[in-house]
Each structure stands twice: as structure tokens, then as C-alpha cells.
Amino acid sequence: MTMRGRFLLVVALVLAAGLQAQTDQAWQIGPFARPESGNPVIAPRAESVFTDPVSKKPVNWEALHTFNPAAIVRDGKVFVLYRAEDDSGAMEIGGHTSRLGLAESEDGIHFTRRGEPVFFPARDKQETREWPGGVEDPRIVERDDGPYVLTYTQWNRDRKTYSVGIATSRDLTRWTKHGPAFLTAAGGKYAGLNYKSAGIVTRLDSGKGRLIAAKIDGKYWMYWGEGAIHLATSADLIHWAPVEDAAGAPIELLRPRAGHFDSSFPETGPPPVLTDAGIVVLYNGKNAAEGGDAGMGANAYAAGEALFDSKDPAHLIAQGENPDLKPEMPYERTGQYIAGTTFAEGLVYFHGRWFLYYGCADSLVGVVTAPTTPFAGVEGFYLKNNDTVVFYGDSITEQNYYNQFVELYTATRFPAMRIHFYGAGVGGDRVTGGGGGPIDERLSRDVFALKPTVVTVMLGMNDGGYQPTTEEIESTYTKGYTHLMESIHEHAPGARVTLLGPSPFDDVTRPTWFASGYNGVMEHFAGLDKELAQKFGGRFIDLNPAVVAAIEKAQALDPRVAKLLLPDRVHPEPVAHWVMAEALLRGWNAPALVSRVTIDARGGKATDAENAAVDKVERVNGTLRWTETENALPLALIRDNEMQALLLEVSDIQQQLNQEPLRVTGLDAGQYKLTIDKSAIGTFTAEELAKGINLADYQTPMRAQSQRVGWLVRDRDAAHYIHLRMAVRKFNAGGEAGKPDVMDGFENSLEDSIYETAAPKAHGYEVSPAAATH
């Protein structure tokens, strides 16, 4: 967390009135604004007919009301799962059967809907919980490995029972129901509980707009309930257990507040978001008829925010004084709930903004948006402007690859920032030091003299002694690492420290030397590193699993090639170092997005430009032209280079760190040639261009520019390596090292060249009909 973030938290803590803060606090995602047009975005359709699998009769499944939506970003679009009520049953709230429809949008406002629901009561194991009554009020998150997890209300109108159900899907249309979230918790203690409204804590992958279920202290967390807001945990996102107080009851985190919009009760809103400031919980509040918010009507629902501690999700830090969103428009106060509602359930990060989807008077779906702020939702890239980063380690760091690739990514993705990188690896080093001197000498000369704001440490390969670990080896490693961390805290007290779990010893392509293998020792050391990072308030990123997975993929492709990734079983070749760099960058929340642009050929305009500026769009005689300046450059990875092709085969670096999508819509069917600065990029169909191509996959002027930056990064890092070796030789010869010399100026001049070369440049794009091929 930044100093500003800490300051805001301190202010919040000392506010006198119940930990409440003003609505303009920087930690909040809102306030939100309604778009100029488009609302409501989803309304009932009487003509939609569906054959119900329980009654086996056709029903007008979304004839009466469409409201209370969940939302997720998928394939560059917003998908909304909305509650739809049919025209059966009594004309009263809760008197109809609810199902979930699916709608999708390219701009977050104008939606295309499916003709039938995608989630509904059926002849399945959940029928008695969902019929009659239905499935209601969804919230949705994405698991890191792909599947979507849905929380929803199972409602049996006859029995008056309701519970939070869990379902999963990989495509948003075919779902597996898993039953009530708390069914098996505490030996069945909560099996008969009536409960609803559950949002799973997420983290944001800002590059792709994915809200991914977040683990905190090894567990998933979920805020749930109406009347009061509670907390639950899970190991698998399916089976949940309420967090209990000393009396064995679910703890209460938010309660009604007299004189406020939530004076009757609070109720969980969309999935909470883990941010730099903490966990931001958007929730809904019902206003009391007496003693509530005088600026709102009796029994009206509004949406507000609360902030919880990311290290202790039960600890309330701050709570908004006023609502972010309340019923003000006619469509929010006219419907089956005449008191008015703006009931928030769906939150996505899309096109650089927050989109909040909500139910309007239990009848319609609306949307509001908010810009992204430094503390509102994006756990931003770890490195900041003017950071000085030192990579400390042994011969694997001395190879000067993974740190160089991190520097290259940063310079090309954030050319407006200026960050100073230094490699400080010396072969043979252990936690106690090595060929470059004892640990205190090494740190003083090679780290502290550079006044770092960020330090990474990767050690362990030599410390394990290439043998099964012993108590003595583990004790020496832990004590030495503890001293190293204490020294950093003493001599570079403001530095942010990232401990890297050691890269692997190759036990995949060759037989192990002993039962558990030497990489088992490295994995054990990684566990010790993680504990030390937690103890000293640092960050931990394990580089081992990603490299092992890459070796295993290469082994499946060609065992001879796989051995080349770590030829001596210890020192990775550049392909494996790229995998390590990807793991480190993802651990630092590096965005995948280079830029995102959509051109409407028919309208002659840019409809989307994220991290890019587009102007002079014109279409003359069938040829579409525009000028585009991207604020970042892609990584220069391409399949024409055999080693880079191998990297793309054994890793997901292109998907995770190198997305440069270009879409061109509104073209007539046919083949089109794309050129940039008069250089041919490729020939594509209108359908391919409408779907989008990743420019990072092609030989573009931007890629060539990035490659030139890469050569300069290589040269500068080689210069610093020579500088470091000169300092080590001076020390070993008994001389004094560490004073400024001519090499400092040379390194700085090369750094200037890096950022000058990475500066954004305007490019001329042209899409023209291609000659027919036979």
C-alpha cells in the first residue's frame, strides 16, 4: 500500500462516528454516474417463450420483470445474467417463478439477449429447493483456471425456504448445480438456515478485465446475508463455512445504522474487490420508515460501500456515510417495488471503467459507471515511477535474463515511467554470501549503495548443497535469510521486498539423485521463503512451478528439446528465464493489455481506444485509414524465431502479458489487407477483423520498435554486469569498491536511450480490399 493509502486508512480509523467516512474517500469505487442514454438496459419481453422442464409447459419466462443482474467480462464483451420473472402465480413480490437470462454487449450498455433462459429450476437434485419459486439474484466470479462460479438464491415459494446455491460453468450457458453453500458446514449445523445474497471476494486482472476469485491467507472469502452482513470461507469455492463468533454464531460485520440509507438493514451486493487499500464491499441498504435517511423514501433500497482489511477480512476499516447510488430516475421508482430500488449485484471493469449493474424497482436492469482511481479496485502494477529495483541472487540472477526481461516489459509497457533496474547476482552465492564477499559486504556494496525502493531476492540453489535437506541446512538457510531481511529493513527501510521461490533443479528430464529429488529441496525452501516474506511484510512469488510446468510441456513435445531448457539442470536458458519473468510480472500485477482499439468502418469512427489515441478515421473508395498512437509497445515475441516459438508453446505469456487487440467492424464480407506505415501486416477476412486480431502476433512497426528497446536493455544490463564484476574484483583484491565512477555515467546514458526509443509514435493504418485468391 502506498503512503497515501496508509494515510487515508489512519484518517478513517480515527473518525469518531462509528468508523464512518465521507463519500469522496479515495478507497471507494464510486460515486457512479448514469450514462446519457441507454437505461434501462434490459426490460421484460412478453414474446420470449420457454418450455419449462418441471411443468413441461411453455411459459413466457421473462414477461413480467427483468432485474437484479450479475455481470462478467468474457472475450472482450460484458455478459449479464439477469433474473427474469414469468407471468405465473400471484401478482405480488415473490409470487412468480424466476429464471436467469443471458445478455451480452460490446459497449456495456446495448445488449443482445438469448431467447431462452440459461439457468432455471429443473428435474434435478435441487428441484425441491427451487420449485416453485425459482433461481434468483445471481452474483458471478471467475476462478483463476477458467470456470465461472455463480452464487444465487434458491427459493421454494410453497415452503418459504431459501438458501444460497452454488453453480459452476465454463461457458455461461451449461451449468452444474452444487447445492446450498453451507449444506455440510459445521456438521450440517446450517443445513436448515434461511440465507441469501452472497458475494465472493475477487481481485482484478486489469489487463483482461477479469474479476478473479481471490485467496487471502490460503482461503477464499465470501460476504453474505441480509439484515446483517456476515463472512464465510472456502477451500474450493463450492463448500463454504460461516465464520463464527465466540458464541458459535455467524459474525456480524455490518448492521443497520440509524439515520442512514441502511437504517433498516444492509444486504450484500456484487462480489467485493481486493484493492491496494483493502477489500471494497459494495452493498445494498434498505431505508427505515422511521429514523432513516431523510433524503430517501421509506423502504427504498440504495447502494453504498464499506472497506475491510485485506489481511483480516472481518475487520471493518471504513464505511461510506452516504449511498453511491439511490433511486432517483422514474424507471428506478416505478415497478413492482414502488418504494424504489437501485439494487446492485453486478460489477465489472470494462474499457478502463467500472460498470455497475443493478435492479430497478424489482422490474428492470440499469447501469452506472465510474472511472478507475488509484485505490478503487485496481491492485496496480507493483513498480512505480522513479523506483530503483535491485535483483539480488546467485548465478541464476547473474545470468542476467529474467531481470532483463522484466526491465524490457516495464520499459515498453510503461514508457512514461522511469524505473532504474540493477542486477546483483554473483555465482555461488548463498544466504551467507559467497564469491562476492560476505553477505553484509555484498548487501552494502551491491544493494544499499544503489538506494533501492524495490529489492527482489532469489537464493537457495547453492544453500541446499545438492543433497537431501537436513535440520542443519534448513537452520543455516533460515537464520541467514532472516539476517538478510533484517539488514534490508535496517539499511533500506523504505524498500519493498519480493522474495522469489528458487527456480527449479531439473528433475523432469533426468533421473532424480535421491527419493524426493533436489527440486523437492527447492520447493521446501520456497515454503520457507514464503513464511519469511509474511513475517517481514514482503511479497512472495514462487518461480518454481511455472518453470517445471514449461519443462513438462516441452518434454511432451520433444524430450531432447526439454533438456535444453536447463542444460546443466541448474541454469535456465532464455526460454525458461522468460517463464520466470512472466511469473514475477504476474505476481506484480502486470497488465496483459498493450492497447485495445475498435474501428467502426461503416460509421467511420473509433468506438473503443484503450491505452491508445485514434484520429483521422476515413473511408475512401473502400479503403479505411486512420492514425493511431499506442501508449505502450508489445513484447517482441514471434513464432518465426524458433526459440520464441518454443516459449509460446510451453507458456501462456502471450495471453497473460502481450495482448494488443485490433477490431474492425462494419466491413462487407471478403478479404482485406492490413498495412501499418505502408508495411503489409497480413490478409484477413471481414469476420476475422470483426472478431479481432492480436497485433502482438505479427511483424508490426511497434514490434520492431520494441525489439530495438530490447537491444538497448540488453546493452545496459551487460554494462552494469561488467560494472558489478569490476566491483567484486576490487573487493577480492583488497581494494575499495562502491564509489561512483565513469561506468555510472555510461549506464545512465544507455538508460536514457532506452526510454527515448520506447516513446510512443504515431502510425498510419490502412485496411483495403485484397485481391481474390484462387
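My aim in this report is to walk through the structure given alongside it, one point at a time. (Residues numbered from 1 in each chain as written. Predicted model: local features only at pLDDT ≥ 70, side-chain atom pairs only at ≥ 80, totals over all residues. Heavy atoms only, no water.)

Some points on the packing of aromatic side chains
Keep this limit in mind: Each Phe, Tyr or Trp ring, with Trp reduced to its six-membered ring, pairs with another whose centre is within 6.5 Å; inter-plane angles below 30 degrees give stacked pairs, above 60 give edge-to-face pairs, and intermediate values give tilted ones. By the criteria applied, helices consist of DSSP H or I runs no shorter than four residues and strands consist of E runs no shorter than two, each listed in order from the N terminus. Relative accessibility under 20% of the residue-type maximum defines a buried residue, over 50% an exposed one, and the middle range a partly exposed one, all with a 1.4 Å probe and only protein chains included.
Inspection of every chain in the model, using the stated rule, returns 34 aromatic pairs. On the numbers, 6.4 Å between centres and 25° between planes, the contact of Trp61 with Tyr82 is stacked. Of this pair, Trp61 sits in the loop between strand E3 (58-59) and strand E4 (65-74) while Tyr82 sits in strand E5 (residues 77-85), and the two are 21 residues apart along the sequence. Take Trp61 and Tyr82: they sit in the same class, and that class is buried. A centroid spacing of 6.1 Å and a plane angle of 25° characterise the contact between Tyr401 and Phe405, whose relative ring orientation is stacked. Members of the aromatic cluster, joined through ring pairs, are Phe182, Tyr190, Tyr195 and Trp224.

As for the sheet that holds strand E39 (residues 671-676)
The criterion, for reference: Strands pair, by our definition, only if DSSP identifies at least two bridges between them. The axes used here are C-alpha line fits, helices contributing only the stretch in contact, and every angle between their N-to-C directions lies in the interval 0 to 180 degrees.
A sheet is described by the order of its strands in space; here 5 strands give the open sequence E36-E37-E42-E39-E40, paired in antiparallel fashion. The sheet is open, and its two edges are formed by strand E36 (612-620) and strand E40 (679-685), each paired on a single side. Strand-to-strand twist in this sheet, taken as the mean axis angle between neighbours without regard to direction, amounts to 20°. When E39 meets strand E42 (residues 762-769), the two strands line up antiparallel, connected through 5 bridges. Bridging across to E42, Lys673 finds its partner in Ser768.

Describing helix H11 (residues 574-587)
So the rule is basically this: An expected span of 1.5 Å times one less than the residue number is assigned to each helix.
With 14 residues, H11 should reach 20 Å at 1.5 Å per residue; the first-to-last C-alpha distance of 20 Å fits that figure. Among the 14 residues in H11, 11 count as buried, and that is most of the element. When H11 is considered as a whole, its buried residues turn out to be Val575, Ala576, His577, Trp578, Val579, Met580, Ala581, Glu582, Ala583, Leu584 and Leu585. Remark: Asn589 follows H11 within two positions and exhibits a positive phi of approximately 60°.

Remarks on empty space enclosed by the protein
To keep it simple, the criterion reads: Only protein atoms enter the 1 Å grid used here, on which a cavity is any set of points holding a 1.4 Å probe that cannot leave and a pocket is any open set flanked by protein within 12 Å on both sides along at least five of seven lines; residues with an atom within 4 Å of a point are listed as lining. Grid points are joined across faces, edges and corners, and a volume is the space filled by probe spheres set on the points.
On inspection of all chains with the given rule, the structure shows 1 cavity of 30 Å³ or more. Considering only enclosed or pocket space, the largest cavity measures out at about 50 Å³ in volume. Every residue along the wall of the largest cavity is listed here: Thr397, Glu398, Asn400, Gly423, Ala424, Gly425, Asp717, His720, Tyr721 and Leu724. Elements represented by at least two residues in the lining of the largest cavity include exactly helix H4 (395-398), strand E28 (420-425) and helix H15 (701-732).

A few points about the layout of surface pockets
Considered as a void within the structure, the second largest pocket measures approximately 1300 Å³ in volume. For the second largest pocket, the lining is made up of 46 residues, of which Arg74, Asp75, Gly76, Lys77 and Arg596 are closest to its centre.

Details of the nonpolar core
Inside soluble globular proteins, nonpolar side chains tend to come together where they are buried. Convention followed: Among buried residues, the Ala, Val, Leu, Ile, Met, Phe, Trp, Tyr and Cys ones that are joined through side-chain atoms within 4.5 Å form a nonpolar core. What makes two residues a contact is simply this: any of their non-hydrogen atoms within 4.5 Å.
Counting residues in hydrophobic clusters, the biggest one holds 108 residues, and the most contacted among them are Leu484 and Trp588. The biggest single contributor to this core is H11, with 9 residues. Other than its neighbours up to four places away in sequence, Leu484 contacts Tyr392, Ile439, Leu443, Val457 and Leu459. The next biggest cluster of nonpolar side chains, apart from the first, holds 25 residues, and it includes Ile29, Phe32, Tyr331 and Ala344.

Considering unusual backbone geometry
What is expected of a backbone is that most residues other than glycine have negative phi and most peptide bonds are trans. In this structure, the amide linkage connecting Gly30 to the following residue, Pro31, adopts the cis form with an omega of 5°. Relative to the assigned elements, Pro31 resides in the loop between strand E1 (20-21) and strand E2 (50-51). Unlike most non-glycine residues, Asn68 shows phi in positive territory, near 45°. As for its position among the elements, Asn68 is in strand E4. For Asn68, a relative accessible area of 3% gives the class buried.

Some points on the pattern of salt bridges
The cut-off we apply is this: Whenever a carboxyl oxygen of Asp or Glu lies within 4 Å of a side-chain nitrogen of Lys or Arg, that contact is scored as a salt bridge.
Considering all chains together, one arrives at 45 salt bridges under this definition. The salt bridge partner of Asp86 is Arg99, with a shortest N-O separation of 2.9 Å. Of this pair, Asp86 sits in the loop between E5 and strand E6 (98-105) while Arg99 is found in strand E6, placing the two residues 13 residues apart along the sequence. Residue Asp86 shares its accessibility class with Arg99, and that shared class is buried. Residues participating in the shared-partner salt-bridge network are Glu407, Arg418, Arg716, Asp717, Glu747, Glu751 and Asp752.

Some points on the environment of Arg353
Relative to the helices and strands, Arg353 resides in strand E25 (residues 353-360). A relative accessible area of 33% means that Arg353 is categorised as partly exposed. As for Arg353 and Thr369, which are separated by 16 residues in sequence, their C-alpha atoms are 6.7 Å apart.

Brief notes about the side chain of Asn462
As for its position among the elements, Asn462 is in the loop between strand E31 (454-458) and helix H7 (471-491). The buried category is assigned to Asn462, whose relative accessible area is 13%.

Observations concerning the sheet that holds E25
If you trace the 3 strands from one edge of the open sheet to the other, you get E24-E25-E26, paired in antiparallel fashion. Looking at strand neighbours, the two that pair on one side only are strand E24 (342-350) and strand E26 (364-371), the edges of this open sheet. Shown here is a sheet whose adjacent strand axes are inclined to one another by a mean of 25°, direction ignored. Taken together, the 8 bridges between E25 and E26 define a ladder with antiparallel strand orientation. Bridge pairing in E26 places Cys360 opposite Leu364.

As for the environment of Ser651
To keep things clear, this is the line we draw: Under this definition, polar contacts are N or O atom pairs within 3.5 Å; protein pairs additionally need one hydrogen-donor-capable and one acceptor-capable atom, and for neighbouring residues in sequence, both atoms have to be side-chain atoms.
Structurally, Ser651 can be placed in the loop between helix H12 (642-650) and helix H13 (653-657). Residues Ser651 and Ala546 lie 105 residues apart in sequence; the distance between their C-alpha atoms is 8.2 Å. Ignoring anything within four residues of it in the chain, the contact list for Ser651 reads Val579 and Glu582. One polar contact links the side chain of Ser651 to the main-chain carbonyl oxygen of Leu647, over a distance of 2.8 Å.

Nothing here speaks to function; it is all geometry.
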